[in-house]
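# Working through the structure, step by step
What follows is the residue order along each chain.
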Amino acid sequence: MNDSTLLASIPSPSISTIELGPLTIHYYALCILAGIMLCLWLTSRRWQAWGEDPERVWDIALWAIPLGIVGARAYHVLITDPGTYFGPGADPLDVFKIWEGGIGIMGAISVGGLGAWLACHRYGISLAKFADAAAPGIMLAQAMGRWGNWFNQELFGKPTTLPWGLEISASSPNFPSQYPVGTLFHPTFLYESLWNILGATLLLYLGKKGFFQRGQTFWAYVVWYGFGRLMIEAFLRIDTAEMLWGMRIHVWTSGAIMLLGLAMFILMGWRSRRRSEFTDAGKSAPPSVGSGD
């Protein structure tokens, strides 16, 4: 690899932890925490702007975040890479070593969503409205969290000669042994981070323009994320993953959530029009989607 290629590449960090006496702090965890705080801040601002109590965002977070972390880890352990934890010679206790990496956003959103539903039901809040408020923040949290993969030198893509190829240390356990030392890889963490930032920006912009009906902002996020993840999984990622019918399991799950998001986006729009028709006809509108859920 020549000097011009080195100068045009993206280096990976040489460290991934901070040692503070007996305490080890992982940059991966800091990226996740920073993303969560950014999400809560933005969601609180949006919730307050909609005339709601911003403190409720933190109340709901106390339900959603712990369950989301459990769901994220469970998705990785059971769906993405079960052989690492339950295969021959594996130590099942490694399931709990979340600081080493290995979480699945699809599990975080689904199980964390269950926590949000339980909290919204308890506080008498519309789940659809809250999900709409949280959607841009969730995307920014994902964008921030992806940088944890950079620090861990993991989840990169195929080899590339593009000027933004990612350097991976040959001493990293994640360096693919089938490639020569110095090979550059697609920085899929960066692609997904930028995709999510763009998606959050679009959600905020289109929301201000009145483009979405209640419930549609969240499902637009699901469609956007699902499509971006599908493209990355189908064409770029090379890390270990379970296969189903000749394709990575994430290809199928990404496609499924994208189709689900599209169907629900259409359904939310249809129900909103139906409520408007009832109101215009002088009748009592049917219950709002998610009210009291």
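This report concerns the structure included in the present document. The residue numbering used here restarts from 1 in each chain and proceeds along that chain's sequence as written. Since the coordinates come from a predicted model, pLDDT governs what is reported: local features require at least 70, and pairs of side-chain atoms require 80 or more to be given and counted, while whole-chain, interface and lining totals use all residues. To get the side-chain values, take all heavy atoms of the structure and skip hydrogens and water.

Below, the discussion takes up the packing of helix 2 (residues 27-49) against helix 6 (residues 127-145). Remark: helix 2 packs on helix 6, axes separated minimally by 8 Å, with the N-to-C direction vectors making an angle of 150°. One way to sum up the angle between helix 2 and helix 6 is to call them roughly antiparallel. Note on packing geometry: the crossing formed by helix 2 with helix 6 is right-handed. In contact with Cys-31, Ile-32, Ala-34, Gly-35, Ile-36, Leu-38, Cys-39, Leu-42, Thr-43, Arg-46 and Trp-47 of helix 2, helix 6 contributes Lys-129, Phe-130, Asp-132, Ala-133, Ala-134, Pro-136, Gly-137, Ile-138, Leu-140, Ala-141, Met-144 and Gly-145. In this description, a line fitted to the C-alpha atoms serves as the axis of each element, helices being fitted only across the stretch in contact, and the angle between N-to-C directions of two axes falls anywhere from 0 to 180 degrees. Under the DSSP-based scheme used, a helix requires at least four consecutive residues in state H or I and a strand at least two consecutive residues in state E, with every element numbered from the N terminus. For classification purposes, an angle smaller than 35 degrees is called roughly parallel, one larger than 145 roughly antiparallel, one from 65 to 115 roughly perpendicular, and anything else oblique. We call a crossing left-handed when the near helix sits turned anticlockwise from the far one by less than a right angle, and right-handed when that turn is clockwise. For this analysis, residues touch if any pair of their heavy atoms sits within 4.5 Å.

What follows covers the packing of helix 2 against helix 3 (residues 55-80). Running from N to C, helix 2 and helix 3 cross one another at 140°; their axes reach a closest spacing of 9 Å. When the axis of helix 2 is compared with that of helix 3, the two are oblique. Helix 2 and helix 3 meet at a crossing whose hand is right-handed. For the pair helix 2 and helix 3, contact is made by Ile-36, Met-37, Leu-40, Thr-43, Ser-44 and Trp-47 and by Arg-56, Val-57, Trp-58, Ala-61 and Ile-65, respectively. The residue classification treats Ala, Val, Leu, Ile, Met, Phe, Trp, Tyr, Cys and Pro as nonpolar and Asp, Glu, Lys and Arg as charged. All others, Gly included, are polar. Here the contact of helix 2 with helix 3 is built from residues that sort into 8 nonpolar, 2 polar and 1 charged.

Right, let's talk about the pattern of salt bridges for a bit. Salt bridges are counted wherever a side-chain nitrogen of Lys or Arg sits within 4 Å of a carboxyl oxygen of Asp or Glu. In the structure shown here, the tally under the stated rule is 8 salt bridges. In this structure, Arg-229 engages Glu-233 in a salt bridge whose closest nitrogen and oxygen atoms are separated by 2.8 Å. You can see Arg-229 and its partner Glu-233 sitting in helix 9 (residues 216-235), 4 residues apart, about one turn around the helix. Only protein chains enter the calculation, and the probe is 1.4 Å; a residue is then buried if its accessible area is under 20% of its type maximum, exposed if over 50%, and partly exposed in between. Arg-229 gets classed as buried once you look at its relative accessible area, which sits at 5%. A network of salt bridges, in which partner residues are shared, links Arg-229, Glu-233, Arg-237, Asp-239 and Arg-248.

Once that is clear, we can look at the packing of aromatic side chains. The geometry of two aromatic rings is summed up by the distance between their centres and the angle between their planes. Working definition: rings of Phe, Tyr and Trp (its six-membered ring) pair if their centres are within 6.5 Å, and the pair is stacked with planes under 30 degrees apart, edge-to-face with planes over 60 apart, and tilted otherwise. Taken as a whole and assessed by the stated rule, the structure comprises 18 aromatic pairs. Judged by centre distance (5.2 Å) and plane angle (85°), the rings of Phe-211 and Phe-212 are edge-to-face. Classification of Phe-211 as exposed rests on a relative accessible area of 51%. Residue class for Phe-212 comes out buried when judged on its relative accessible area of 15%. Whether a charge sits over a ring depends on NZ of Lys or CZ of Arg being within 6 Å of the ring centre and within 35 degrees of the ring normal. Lying across the ring of Trp-47, Lys-129 places its NZ or CZ 5.6 Å from the centre.

With that settled, consider the nonpolar core. Burial of nonpolar side chains together is a common tendency in soluble globular proteins. Definition of nonpolar core: a set of buried residues of the types Ala, Val, Leu, Ile, Met, Phe, Trp, Tyr and Cys, connected through side-chain atoms within 4.5 Å. Residues Ile-60, Phe-130, Leu-203, Phe-218 and Tyr-221 are the most contacted members of the largest nonpolar core, which totals 32 residues. Elements represented by at least two residues in this core include exactly helix 2, helix 3, helix 5 (105-123), helix 6, helix 8 (188-208), helix 9 and helix 10 (249-280). Of the residues forming this core, the biggest block, 9 residues, is contributed by helix 6. Aside from chain neighbours lying at most four places away, what touches Leu-203 is Ala-135, Pro-136, Met-139, Phe-212, Thr-217, Ala-220 and Tyr-221. Counting residues in hydrophobic clusters, the runner-up holds 12 residues, among them Phe-156, Leu-166, Phe-185 and Phe-189.

With that out of the way, let us pick up the side chain of Ser-254. Considering the arrangement of structural elements, one finds Ser-254 in helix 10. For Ser-254, a relative accessible area of 0% puts it in the buried group.

Cysteine sulfur atoms are paired as a disulfide whenever they fall within 2.5 Å. Tallying each qualifying case throughout the model produces 0 disulfides. Sulfur of Cys-31: no disulfide; nearest cysteine sulfur belongs to Cys-39 and is 16 Å away. With no disulfide of its own, Cys-39 lies 13 Å from the sulfur of Cys-120, the closest cysteine sulfur. On the basis of relative accessibility, which here comes to 12%, the residue Cys-39 falls in the buried class.

Because the α-helix completes a turn every 3.6 residues, residues three or four places apart line up on one side. Every helix has an expected span of 1.5 Å times one less than the residues it contains. End to end, helix 5 covers 26 Å across 19 residues, agreeing with the expected 27 Å (1.5 Å per residue, within 8%). Of the positions making up helix 5, those classed as buried are Met-106, Gly-107, Ala-108, Gly-112, Gly-115, Ala-116, Ala-119 and Cys-120. Gly-124, located one to two residues past helix 5, shows a positive phi value of around 70°.

On to unusual backbone geometry. Although it is not a glycine, Gln-153 adopts a positive phi angle of roughly 55°. Relative to the assigned elements, Gln-153 resides in the loop between helix 7 (147-152) and strand 3 (166-167). The backbone phi angle of Leu-155 is positive, close to 60°, even though this residue is not glycine. Residue position: Leu-155 is located in the loop between helix 7 and strand 3. For Leu-155, a relative accessible area of 24% puts it in the partly exposed group.

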